[in-house]
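Residues per chain are reported as follows:
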Amino acid sequence: MATQAGTPDRVVAQDSAVQLLTKLSELHGGLMIHQSGGCCDGSAPMCYPVGEYRIGQRDVLVGEIEMPNPLPAVRVWINGDQFELWKHTQLILDVVPGRGAGFSLEAPEGVRFLSRSRTFTDEEKVVLEQHPPMVGAQFDE
């Protein structure tokens, strides 16, 4: 999913996150991330093999994290209600030491994914409003 020129990315990943996603992709195949809304592990990003987590009709596709070739990009999703609370921020996927939720693929690695964020500028917000993200109901795969 290419971002239109001039449109800020709604999600980016630190190098450490890309490295971990690369390792997990090599072990498990294609991956996806769902930004949890606060259930089992707070609001942690949860990593799953593609197809292991059912995307809801109102889930929002925040963006994709490009992976080294030939690995497929990792789609990053968030619940629609949670997106409404976060839409003014850029999601920054990071990795920190420690165990996260047992549901997420990185749990055995001794690290966990962590979401950080930065507030979009007023100018970025205007551009993003003109380019709404795709939701699960629009997703055909």
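A brief report on the enclosed structure follows. (Residues numbered from 1 in each chain as written. Predicted model: local features only at pLDDT ≥ 70, side-chain atom pairs only at ≥ 80, totals over all residues. Heavy atoms only, no water.)

### Observations concerning the pattern of salt bridges
This model, assessed by the stated rule, comprises 7 salt bridges. The partner of Arg-116 in a salt bridge is Asp-94, with the nearest N and O atoms 2.7 Å apart. You can see Arg-116 sitting in strand 7 (residues 111–119) and its partner Asp-94 sitting in strand 6 (residues 89–97), a full 22 residues away along the chain. Taking the relative accessible area as the measure of exposure, Arg-116 reaches 37% and is therefore partly exposed. You can call Asp-94 buried: its relative accessible area is 10%. Two residues, Asp-122 and Lys-125, come together in a salt bridge whose shortest N-O distance is 3.9 Å. Of this pair, Asp-122 and Lys-125 both sit in helix 3 (residues 122–129), 3 residues apart, which is roughly one turn of the helix. (Salt bridge = Lys/Arg side-chain N within 4 Å of Asp/Glu carboxyl O. Helix = DSSP H or I, 4+ residues; strand = E, 2+ residues; numbered from the N terminus. Buried < 20%, exposed > 50% of the residue type's maximum accessible area, 1.4 Å probe, protein only.)

### Details of the sheet that holds strand 5 (residues 74–78)
As summarised here, the arrangement of the 4 strands in space is 3-2-5-4, forming an open sheet in which the pairing is mixed. The sheet terminates laterally at strand 3 (45–49) and strand 4 (60–65), the two strands that pair on one side only. The sheet shows a mean angle of 25° between the axes of neighbouring strands, taken without regard to direction. Relative to strand 3, strand 2 (residues 31–35) runs antiparallel, the two sharing 5 bridges. Directly across from His-34, in strand 3, lies its bridge partner Met-46. Those strands touched by helix 1 (residues 15–28) are strand 2, strand 3, strand 4 and strand 5, and its axis lies near 130° from that of strand 2. (Pairing = 2+ DSSP bridges. Axes fitted to C-alpha atoms, helices over the stretch in contact; angles between N-to-C directions. Contact = heavy atoms within 4.5 Å.)

### Here's the deal with the sheet that holds strand 6
Taking strand neighbours across the sheet as the criterion, the 3 strands line up as 1-6-7 in an open arrangement whose pairing is mixed. The two strands at the open ends of the sheet, each matched to only one other strand, are strand 1 (11–13) and strand 7. Across the sheet, the mean angle separating the axes of adjacent strands is 30° when strand polarity is ignored. Pairing between strand 1 and strand 6: 3 bridges, direction parallel. Pairing of Val-11 across the sheet is with Leu-91, part of strand 6. Here helix 1 sits on the sheet and contacts strand 1, strand 6 and strand 7; the angle it forms with strand 6, its principal contact strand, is near 70°.

### Points about empty space enclosed by the protein
Counted under the stated rule, the structure contains 1 cavity of 30 Å³ or more. What lines the largest cavity is Arg-10, Val-62, Ile-78, Phe-83, Trp-86, Lys-87, Thr-89, Leu-91 and Phe-120. Mapped by element, the contributors of at least two residues to the lining of the largest cavity are helix 2 (80–86) and strand 6. Of the residues contributing to the lining of the largest cavity, the split by class is 6 nonpolar, 1 polar and 2 charged. (1 Å grid on protein atoms, 1.4 Å probe; cavity = no way out; pocket = protein on both sides within 12 Å on 5 of 7 lines; lining within 4 Å. Points joined across faces, edges and corners; volume = space filled by probe spheres on them. Nonpolar A, V, L, I, M, F, W, Y, C, P; charged D, E, K, R; others polar.)

### Examining the pairing of strand 2
Strand 2 sits mainly inside the fold: 5 of its 5 residues count as buried. What you see with strand 2 is no split at all: Leu-31, Ile-33 and Gln-35 on one side and Met-32 and His-34 on the other are buried throughout. As judged from the 4 bridges shared by strand 2 and strand 5, these two strands associate in the parallel manner. The residue bridging His-34 from the neighbouring strand is Trp-77, located in strand 5.

Spatial relationships are all this shows, so hold off on functional conclusions.
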